[in-house]
Amino acid sequence: LTPHFLFNTLSMITLSIQNTLRGDCDGTIMLTKLSELLRLMQKTSSNLIPVSSELEYTEKYIELEQMKHPNLKFNTDIEDDCLKYYMPKFSLQPILENSIIHGATPGKELVVNLSVSSYNNDFIKITISDNGCGMDSATLEKLQNMKNDMMNLEYSHNHIGFSNTVKRFNLMFTSDFDY
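Scope of this entry: the structure provided in the associated data block. The model shown is predicted, which means the values in this text are computed figures rather than measured ones. (Residues numbered from 1 in each chain as written. Predicted model: local features only at pLDDT ≥ 70, side-chain atom pairs only at ≥ 80, totals over all residues. Heavy atoms only, no water.)

**As for the packing of aromatic side chains**
Piece 1. Taken as a whole and assessed by the stated rule, the structure comprises one aromatic pair.
Piece 2. Aromatic pair Y57 and F90: ring centres 6.1 Å apart, planes at 70°, arrangement edge-to-face. One end of the pair, Y57, is in helix α3 (residues 51-68); the other, F90, is in the loop between β3 (86-88) and α4 (92-103), with 33 residues separating them in the sequence. Across the pair, exposure class does not vary: Y57 and F90 are buried alike. (Phe/Tyr/Trp six-rings, centres within 6.5 Å; stacked < 30°, edge-to-face > 60°. Helix = DSSP H or I, 4+ residues; strand = E, 2+ residues; numbered from the N terminus. Buried < 20%, exposed > 50% of the residue type's maximum accessible area, 1.4 Å probe, protein only.)

**Things to note about the packing of α4 against helix α6 (residues 160-173)**
Piece 1. Between α4 and α6, the shortest axis-to-axis distance is 9 Å and the interhelical angle comes to 150°. Considered as vectors, α4 and α6 are oriented roughly antiparallel to each other. As α4 runs across α6, the sense of the crossing is left-handed. Across from P94, I95 and N98 in α4, the residues of α6 making contact are G161, F162 and T165.
Piece 2. Its residues assigned to classes, the contact of α4 with α6 shows three nonpolar, three polar and no charged. (Axes fitted to C-alpha atoms, helices over the stretch in contact; angles between N-to-C directions. Parallel < 35°, antiparallel > 145°, perpendicular 65-115°, else oblique. Left-handed = near helix turned anticlockwise from the far one by under 90°. Contact = heavy atoms within 4.5 Å. Nonpolar A, V, L, I, M, F, W, Y, C, P; charged D, E, K, R; others polar.)

**Remarks on the sheet that holds strand β2 (residues 72-78)**
Piece 1. If you walk across this open sheet you meet the three strands as β2-β4-β5, and the pairing is mixed. Pairing within the sheet leaves two strands with one partner each, and these edge strands are β2 and β5 (123-130). Neighbour to neighbour, the strand axes of the sheet diverge by 10° on average, direction disregarded.
Piece 2. Relative to strand β4 (residues 110-119), β2 runs parallel, the two being bridged by seven bridges. Residue pairing for β4: N75 is matched across the bridge by N113. (Pairing = 2+ DSSP bridges.)

**A word on the packing of α3 against α4**
Piece 1. At a minimum axis separation of 10 Å, α3 and α4 run at an interaxial angle of 30°. With respect to their mutual orientation, α3 and α4 come out roughly parallel. Pair α3 / α4 crosses with right-handed handedness. Of α4, the residues touching α3 (which contributes E54, L55, T58, Y61, I62 and E65) are L92, Q93, L96, E97 and I100.
Piece 2. The class makeup of the residues in the contact of α3 with α4 is six nonpolar, two polar and three charged.

In short, geometric facts, not functional conclusions.
What follows is the structure, given as structure tokens:
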């Protein structure tokens, strides 16, 4: 699908809903936010993008998630000098999605925090945390041990987003990457 076709189709769906309902609703707002996210993503074909661009994607993604999860709060603490570094495109989304999916409890506020800070003058440290229920020790151990066997990484249905993200960072940054 070409971007032109996709954006025109999303616009037609939005207009159709607006005409039927005689105004905006959550569906049209979500379609508009999705269109904005897709436009941002197609701006560059590069796999490595500035942290500042990744944060733009993240912001649009979180706006969509907040429409599905009204009890979701998102906090950021980003050091300005980290914005110039490069990272894999759309790599924060799977980790944030895991925080939301596995941390959300109906009726309870979920707070997800993202921080990006300087580390050893030449690196950045990205931290994603939440106040969700956490994970059992066996799952945590399995995730922590992924880097020991990156080439033979077994994908499980529950951890494919995380394992793909770890693999992408490892392939791009090799010894300069740790989690």
